[in-house]
Amino acid sequence: MDFSSLNPVALAVSLIVAATPILLAAVGELVVEKSGVLNLGVEGMMIIGAIAGFAVSVDSASPWLGLLAAMLAGAGLALIFGFLTQVLLSNQVATGLALTLFGLGLAALLGQSYTGMKPPSSPRLDIPVLSDLPVLGELLFRHDFMVYGSIALVFGVWYFLNRSRAGLVLRAVGENHDAAHSLGYNVVLIRMGAIAFGGACAGLGGAYLSLIRVPQWSEGMTAGAGWIALAIVVFASWKPWRLILGAYLFGGVTILQLNLQALGIGISAAYLSMTPYLITIIVLVIMSADRRRASMNAPASLGKIFHASH
Amino acid sequence: MWASRMLRLEPRAQPSSVMRWLTPLLAVGITMIMGGLLFAAMGKNPFEAIKIIFLDPFFHETFGPYSRSQLLIKAGPLILIAIGLSIGFRANVWNIGAEGQFVMGAVTGGAVGLALYPADGVWVLPLMTIAGALGGMLWGLIPAILKIKFNANEILVSLMLVYVSYNFLAAMVTGPLKSPDGYGFPESRSFTGVESTHLPMIYEPLGMHAGVLVALVAVIAAYVMMERHLLGFQIKLTGQSPRAARFAGVNPSVIIAVCLGISGALAGMAGLFEVTGPAGKLTTNFPVGYGFTAIIVAFLGRLHPIGIVLAGLLMALTYIGGELAQLSLGIPAAAISVFQGMMLFFLLAVDVFVNYRLVWKVVK
Amino acid sequence: MSDALLEINGLSKGYPGVQANDNVSFSIQPGEIHALLGENGAGKSTLVKMIYGLVRPDSGDMALHGVDYMPHKPSEARNLGVGMVFQHFSLFEAMNVAENITLGMENAPPRTDLAQKIREVSAAYGLPLDPDRLIGDLSVGERQRVEIVRCLLQNPKLLIMDEPTSVLTPQEVETLFKTLRKLSAEGVAILYISHKLDEIKALCDHATVLRHGKVVATCVPREETARSMAEMMIGGELAVPKLRAFNPGKTLLELDNLTLSSYDPFGTNLAKISIKLRAGEVLGIGGVAGNGQDELLLALSGERISDSGMIRLNGVDISGFGPTTRRAVGLLAAPEERLGHAAAPDMSLTENAFLSAHVRKKLQKSGFIAREKRDDFTQQIVTEFDVRTPGISNVAKSLSGGNLQKFVIGREVLQAPTVLVVNQPTWGVDAAAAAAIRQALRDLAASGAAVLVISQDLDELMEMSDTFAVLAEGRLSTPRPAAELNVEEIGLMMGGDLHVGVAHA
């Protein structure tokens, strides 16, 4: 076996690329869950984003329009979920599942004629001077702009939730929707906003997959990334900064196993392909095991149906 | 809420039993209309498409006989899996990894058959069925144990295990279970080639194989358990009111294990029936997503055994009709999964009328 | 009266099946403490929700300072100087005091300034608060302070208080009254909702009495007796509780230093609770909500298991038994929360009867439900406890609070328990149903069972109990004969003094 071909810097760079779509989707879902809503449709919204972004980019030759379309498509799908769960008071678990099943089907339908095409390339953001630094330059300053964007988004969400009044209100709605309602806050409207934001983020994550990471469209290409994003929100104990840790950990495992497969170390590729999912399960188990802490961190109204009685 | 400006939902004192049975029909009706619009948008004749999907499988002169023989072959596994899922869903135990349990049942049951190859005897298939049920059950018990012991979310764990099972299947058919006579293809020996491992067909014209009979037995057993037995009562109580269930002395851990165990076993059996019957052997692409479609079947059937039978037949019809529509109109297969997804959406949307009524409120 | 602060004119509000408010009119002067008096369900809450902008009236109008006033939402009401302290606090447990206060303010100052202001205002009105503490860690009395301080920071002209004392100890009530009088002296009007007559006599300048949504009387409380106001409120003569003899039998239930930590991160741990409950005895356990009442019920019902030796029934150690086994040996319980704990809201009465009675009443045979026996037993509960329902197949949530409570109590009493534990037997129940429930529990004790009643209603406990104790921060005071106690002693007990009147303390 020859491990010398594994370049740690190159590994780290591809790790970040592998983690970014999940990070984007997870940060959106975190906001949704903080408002007290559990949207299990992340996978569906991601794949809709992947195809919408891909199709619009190809047709318009503009990656920017593609990304915008992905966000709109994700948010649009999310609003169906929002309408069903917030206005028609449907069960959030069932509706989220429906969203995923529907999204996967719709994306496959829309993507029929796009299989095998190449998208226009997205602008990179090499930071001058700094990107020429040895090791650090490649590691930190030579990524595509979406990598920086995802980190900035995490910071923005942290700031919003913990420093702004609107964020405080959103957390209050997720903590106790009846109390928030009696203080005069519009629970449904606030949650709709959070749901749309979550959808836009998931759509963006999907588009990152099809436009930058792969970059190609294929049916079912999200391969569970949306579900992993959901798991990473739990891993992060609903704290924005920890999402980065969770997503990069997952990205690391994915990249490592892919490289090991390429090396041909004698373990069947199929077993190596399992590892990201197994690691996700293990991480989920570790983070949930302390019931007391888990119940302190999770928004208290998460997944509960709100109906104003007056 | 903008809807509340004029229309308002008011809770009913008593859930409407009329609505409970009317809403699935309503959902199917709306789906037909919206599906028709979808087909029209794709440049197809919507009336033609709907007719092909829902009527041709029964009445078409040339395709009818073959289509009819596929009906129960497709409905059987959907019903068997959905019955198990519905029990868990009643208890708010969300097993959405039935697809993985389906695969693992096929792999373990299939492995037993391959280990015994080429044994003769009527006991081989029952033994494989038991092994398949056990394989599915154990795979379903993993999320159960992780939930009971570590409070891990069963939705995420059971779903992750689907991906693990796909890879496990791939490892098996390229490794230990690979057919020695298969010219290196990633597939097992054929089960249908040997009498003892071939799932018997009972009534060919409707595609009723032995697995369909098992599904019907499961439907009846589930009905008796949910309506007449203490365990069914405890499952329903846990789902509706967890604290009342604890007060009643129900151990939530037992309910979680029972629900995931039963649904895993039934999905595992469905997987075994699939590879010993319609699919014929283990390959990487024998799972076609029954485990996920069964979720729609369970909800569309109102989590009720009889409803699930009807919903399973309807869903099988959309698969078969969808194939016909693909042949004659060129409607892509993906359109059918959109159609199925829509059905669940519309059901969830109109479901609100079971517990709420819509009233006009004039706001000054 | 053009100098009135708030004038209410002919407000009406109807809900399906009930006219919550019917042509209600009265007015409040600046600095006045005005009582809104009425039984549960008289329409007090609906009325104040209309004043606070949470509910829109069907007809009628209001004027604040002589200007038309009809808030669309609470923030409008708050902007115009109307504040409200809810009976069930609108607080967020996982957030701190300052965050909670910010959420209830329209133009909240920056974080640091706000913390300073909270300290100042809370100290000025005798309601000390630390802005950085989590709500979940506060006592119920402290939580109410948060609500009050939140209102005060917005300089209200009118403060609405919905049943503020139902959760307070007598000492805390005194502190609250001081605060309210100080506010009144500064010109703030207070609309004080209660059904506690002594408090209204002590505090309020005027009272408006509501019954079935209508104003049935107005009075000056100082000039009335508690009895005359009660008659206005209830519309009939009050029944005087019967005196009775108390001859306890042998010990049935024995708790020996019961200690149990709460699952709920914001719950109360039980510490060294010892009780000897005898045949024929009704033990009343008072105390402010959140001091371990729920935990005690769970520990006795078997929903929580405790260490061996801590709980004995008839001398048998049942500490490790779950709910089903405890029922089999004769220890039954009726939790406080009717919908969702004692009964499943969406299940029929028959299913809810089966829920807790299938063991003792043998409503199943090797797991299969004996449906006829189950329906017969349900019918028996409905008949004997006068549960008003169209039929036994109706769902639990379709019953009114009082009827469902009668059903729950009836279900347990008719199983002939050795010991019955009840938490809040008459909370939110109308007077007639409450009287029937209390009588049923007394009768059960008279038949030789023992009854443990946990309640926050001191009047109820005094009426029902042979012996009395108080839960304070998870600890139980030494039980004492109820007849010997006075209000001061009870107040000290509720404040946490566990050995009031016990010589060796």
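(A) Spatial organisation of the sheet that holds strand β14 (residues 311–313) of chain C. The strand order across the open sheet built from four strands is β12-β11-β14-β15 (chain C), with neighbouring strands paired in antiparallel fashion. Edge strands, defined here as strands with exactly one partner in the open sheet, are β12 (270–278) and β15 (316–317) of chain C.

(B) Expanded view of the interface of chain C and chain B. Every contact between the two is made by 26 residues of chain C and, on the other side, 18 residues of chain B. Residue assignment for the side of chain C that touches chain B shows that the elements contributing at least two residues are α10 (323–329), α11 (349–357) and β18 (368–369) of chain C. Residue contributions to the side of chain C that touches chain B peak at four residues, all from α11 of chain C. Across the side of chain C that touches chain B, the residue classes break down as 13 nonpolar, ten polar and three charged.

(C) View of the nonpolar core. In terms of nonpolar packing, the biggest core is built from 384 residues, with Ile-22, Ala-26 and Ile-232 of chain A, Ile-81 of chain B together with Val-419 and Val-451 of chain C touching the most fellow members. Residue contributions to this core peak at 17 residues, all from helix α9 (residues 187–213) of chain A.

(D) Layout of the interface of chain A and chain B. Facing the 40 residues of chain A at the interface are 39 residues of chain B. Counting only elements with at least two residues in the side of chain A that touches chain B, the list comes to α3 (63–87), α4 (92–110), α10 (225–235), α12 (269–288) and α13 (291–297) of chain A. It is α4 of chain A that provides the largest number of residues to the side of chain A that touches chain B, a total of twelve residues. Classifying every residue of the side of chain A that touches chain B by side-chain character gives 30 nonpolar, nine polar and one charged.

(E) Broad picture of unusual backbone geometry. All names here are of chain B. Cis geometry marks the peptide bond from Tyr-117 to Pro-118; its omega dihedral reads -5 degrees. Within the secondary structure, Pro-118 is located in the loop between α5 (98–116) and α6 (124–150). One non-glycine residue, Asn-151, lies in positive phi territory at about 65 degrees. Secondary-structure assignment places Asn-151 in the loop between α6 and α7 (154–174). Overall, Asn-151 belongs to the partly exposed group, with 16 C-beta atoms counted inside 10 Å.

(F) Molecular detail of helix α12 (residues 290–300) of chain B. Of all eleven residues in α12 of chain B, eleven are buried; the element is thus mostly enclosed. Backbone geometry just downstream of α12 of chain B places Arg-302 of chain B in the positive-phi region, at approximately 60 degrees.

(G) Local environment of the confidence of the model for chain B. Averaged over every residue, the pLDDT of chain B is 90; residues scoring 70 or more account for 97%. Scoring of the predicted complex yields 0.86 for pTM and 0.88 for ipTM.

(H) Seen up close, the packing of helix α2 (residues 42–60) of chain A against α4 of chain A. Residues and elements named next belong to chain A. Remark: α2 packs on α4, axes separated minimally by 7 Å, with the N-to-C direction vectors making an angle of 20 degrees. What the angle tells us is that α2 and α4 run roughly parallel. Crossing of α2 over α4 shows left-handed handedness. Here Glu-43, Gly-44, Met-45, Ile-47, Ile-48, Ala-50, Ile-51 and Ala-55 of α2 come into contact with α4, specifically with Leu-99, Thr-100, Phe-102, Gly-103, Leu-104, Leu-106, Ala-107 and Leu-110. Grouping the constituent residues of the contact of α2 with α4 by class yields twelve nonpolar, three polar and one charged.

(I) Focus on helix α14 (residues 431–446) of chain C. Residues and elements named next belong to chain C. If you check α14, its first and last C-alpha atoms are 22 Å apart, about what 16 residues at 1.5 Å a residue would give, namely 22 Å. Listed as buried for α14 are Ala-433, Ala-434, Ile-437, Leu-441, Leu-444 and Ala-445. Down the axis of α14, the buried side of the element spans an arc of 115 degrees, and every buried residue falls inside it. Turned more than 90 degrees away from the buried face of α14 sit Ala-432, Gln-439, Asp-443 and Ala-446, all of them exposed. Looking at the packing, one finds that the buried side of α14 touches β13 (282–286), α13 (401–413), β19 (419–423), β20 (450–454) and α15 (458–464). Once α14 ends, the next one or two residues include Gly-448, with phi positive near 110 degrees.

(J) Inspection of the sheet that holds strand β9 (residues 206–211) of chain C at higher detail. Residue and element names in this part refer to chain C. On the basis of which strands lie adjacent, the open sheet formed by six strands has the order β6-β7-β8-β3-β9-β10 and mixed pairing. The open sheet terminates on both sides in strands that have one partner only, identified here as β6 (82–85) and β10 (214–219). Recorded for the sheet is a direction-independent mean angle of 20 degrees between the axes of neighbouring strands. In terms of strand pairing, β6 meets strand β7 (residues 158–162) through four bridges, oriented parallel. What sits directly across from Gly-83, in β7, is Leu-159. Along the sheet, helix α5 (residues 140–152) contacts β6 and β7; its crossing angle with β6, the most-contacted strand, is approximately 180 degrees.

(K) Just the environment of Ser-113 of chain A, in detail. Within the secondary structure layout, Ser-113 of chain A lies in the loop between α4 and α5 (136–140). Here Ser-113 of chain A falls in the exposed class, since 10 other C-beta atoms lie within 10 Å of it.

Scoring rules and cut-offs
- Residues numbered from 1 in each chain as written.
- Chains lettered and ligands numbered in written order.
- Predicted model: local features only at pLDDT ≥ 70, side-chain atom pairs only at ≥ 80, totals over all residues.
- Pairing = 2+ DSSP bridges.
- Helix = DSSP H or I, 4+ residues; strand = E, 2+ residues; numbered from the N terminus.
- Contact = placed C-beta atoms within 7 Å.
- Nonpolar A, V, L, I, M, F, W, Y, C, P; charged D, E, K, R; others polar.
- Core = buried A, V, L, I, M, F, W, Y, C linked by C-beta atoms within 7 Å.
- Buried ≥ 20, exposed ≤ 12 C-beta atoms within 10 Å, placed from the backbone.
- pLDDT = per-residue confidence, 0-100.
- Axes fitted to C-alpha atoms, helices over the stretch in contact; angles between N-to-C directions.
- Parallel < 35°, antiparallel > 145°, perpendicular 65-115°, else oblique.
- Left-handed = near helix turned anticlockwise from the far one by under 90°.
- Expected span 1.5 Å × (residues − 1).
- Arc of directions from axis to C-beta.

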